[in-house]
Amino acid sequence: MSGSSPASAASVAQGGHRTLLFIVNNPAFFLSHRLPLALAAQQAGHEVHVATMDGPSVSEVQAHGFIHHVLPLSRSGMNPWSEALSLLAIWRLLRQLRPDLVHAVTIKPVLYGGMACRLARVPAFVAAISGLGYMFMQTSGLRGLLRRLSLLMYRLALGHPNSRVIFQNAADRAMLVEAGAVKAQRAVILRGSGVDLQQFAPQPWPEGPLTVTMASRLLRDKGIEEFAAAARLTQGQGIRWRLAGSLDPGNPASVDPALLQGWQTAGLIDYVGECTDVAALYAQSHVVVLPSYREGLPKSLIEAAACGRPVITTDVPGCRDAIEAGVTGLLVPARDARALADAVLRLAQDEPLRVRMGAAGRALAERDFGLPGIVAAHLALYSELMA
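Right, let's walk through the structure included here.

Calculation criteria
Residues numbered from 1 in each chain as written. Predicted model: local features only at pLDDT ≥ 70, side-chain atom pairs only at ≥ 80, totals over all residues. Heavy atoms only, no water. Axes fitted to C-alpha atoms, helices over the stretch in contact; angles between N-to-C directions. Helix = DSSP H or I, 4+ residues; strand = E, 2+ residues; numbered from the N terminus. Parallel < 35°, antiparallel > 145°, perpendicular 65-115°, else oblique. Left-handed = near helix turned anticlockwise from the far one by under 90°. Contact = heavy atoms within 4.5 Å. Nonpolar A, V, L, I, M, F, W, Y, C, P; charged D, E, K, R; others polar. Pairing = 2+ DSSP bridges. Right-handed = clockwise from strand over helix to strand, strands pointing away. Salt bridge = Lys/Arg side-chain N within 4 Å of Asp/Glu carboxyl O. Buried < 20%, exposed > 50% of the residue type's maximum accessible area, 1.4 Å probe, protein only.

## Considering the packing of helix α3 (residues 35-43) against helix α15 (residues 371-386)
Then, number 1: In contact at an axis separation of 10 Å, α3 and α15 are set at 55° when each is read in the N-to-C sense. One way to sum up the angle between α3 and α15 is to call them oblique. The handedness of the crossing between α3 and α15 comes out as right-handed. Across the interface between the two elements, P36, L37, A40 and A41 of α3 pack against L371, V375, H378, L379 and Y382 of α15.
Then, number 2: Per-class residue counts for the contact of α3 with α15 are eight nonpolar, one polar and no charged.

Structure, rendered in structure tokens:
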């Protein structure tokens, strides 16, 4: 297990340095979504620690000069004993490290980290709500019960007196404020984790058939089944439907591998697996789609805009916040494969419209989603809370 000793943590505190601790479920997610922010905090003179579950990406976290701590976290486990141990482990780490500020990202770190920070009297707490998830659209049945339990836990986790809760869209902010889970003056909106405008830059339009790309975890809630159904509806129209992403066996919403294989066998989709170079993937695409049921602010759509590619996504919280409807892309109803197929056909048949929307998307990314502005806004929050 990696991590610092109590003595080294104490020397940091005695030396007057500010100690920041990021708590994130997965080390790979930290690298993909929070690395530039952590590096900027490090360059600003802060001692940066990162606590995640174990995994192959831990060595890369450490290679950036961060002190890593392994926590017994699971992304989707619901065993009460295991979850209690996760909360206890976070509390013990906080008592050992005595950070000046904790930044928790993703659901379990926010819930358990928020409660542990209050118990351990951590001076400052930042919670990043990257999306409330499809469960929060349900008011009855099992998901409705889980929604009520989650709201109770959010009230406990987000009650730190010196804290800020970062939302990526207004709908999620309004939901938790109206439910009494967070005070309005502590709730701020920052639109995503930013995009590197140099890495994700417009490239020449590709040759060959019109290519529609979706890059996402292969979850039903992401609209994967609607993607395949729309591909079936447009068969014979000369359109290539390309899907990138990995199955998530630990998630109950993960797509059945047999279903995925069936789509490939039927020639509906071109499945390329997990993609490590999304910018290159989008360079070979004409349109990017995400028919999700609900998001925080989908990074895939922000990256598509930066690459100058038009977007088709659903008219739901998070997705609609990532585009300018009719300007940078098109909105369709969730769970509507026919509407998705029609929108794709519209762009397939109108090259000037694709080009205009792509250019407008790049302008949107430069204005609202550039990495330097997002990082500066986070550092300003840190300074405010640690003043």
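## Observations regarding the sheet that holds strand β10 (residues 270-273)
To summarise the sheet geometry, strands pair through backbone hydrogen bonds and adopt either a parallel or an antiparallel arrangement.
Then, number 1: Read across the sheet, six strands follow the order β10-β9-β8-β11-β12-β13 without closing on themselves; strand pairing throughout is parallel. On the outer flanks of this sheet lie β10 and β13 (329-332), each paired with one strand and no other. Neighbouring strand axes in the sheet, compared pairwise and without regard to direction, differ in orientation by 25° on average.
Then, number 2: Two strands pair when backbone bridges link them, and strand β8 (residues 210-215) and strand β11 (residues 287-290) are joined in this way by two bridges, in the parallel orientation. Residue pairing for β11: T213 is matched across the bridge by V288.
Then, number 3: Lying on the sheet, helix α13 (residues 337-348) is in contact with β8, β9 (239-244), β11, β12 (311-314) and β13; it crosses β13 at an angle near 160°.

## What to know about the pairing of β10
Then, number 1: As defined by bridge partners, β9 adjoins β10 across three bridges and the pair is classed as parallel. Note on β10: the bridge partner recorded for A244 is G273.
Then, number 2: Regarding topology, helix α10 (residues 257-265) serves as the crossover connection from β9 to the parallel β10, and that connection is right-handed.

## A closer look at the packing of helix α12 (residues 299-306) against helix α14 (residues 351-369)
Then, number 1: Contact geometry for α12 and α14: axes closest at 6 Å, N-to-C directions at 115°. By the angle class used here, α12 and α14 are roughly perpendicular. Every residue of α14 that contacts α12 at I302, A305 and A306 is listed here: G358, G361, R362, A365 and F369.
Then, number 2: Tallied by class, the residues present in the contact of α12 with α14 amount to five nonpolar, two polar and one charged.

## Regarding the pattern of salt bridges
Then, number 1: Under the criterion given, the structure shown has 13 salt bridges.
Then, number 2: We note a salt bridge from R294 to D172, for which the minimum N-O separation is 2.6 Å. Of this pair, R294 sits in the loop between β11 and α12 while D172 sits in helix α8 (residues 170-178), and the two are 122 residues apart along the sequence.
Then, number 3: D172 gets classed as buried once you look at its relative accessible area, which sits at 1%.
Then, number 4: We note a salt bridge from R338 to D342, for which the minimum N-O separation is 3.1 Å. With a gap of four residues between them, R338 and D342 both fall in helix α13, about one helical turn apart.
Then, number 5: The partly exposed category is assigned to R338, whose relative accessible area is 39%.
Then, number 6: Judged by relative accessible area, which is 40%, D342 ranks as partly exposed.

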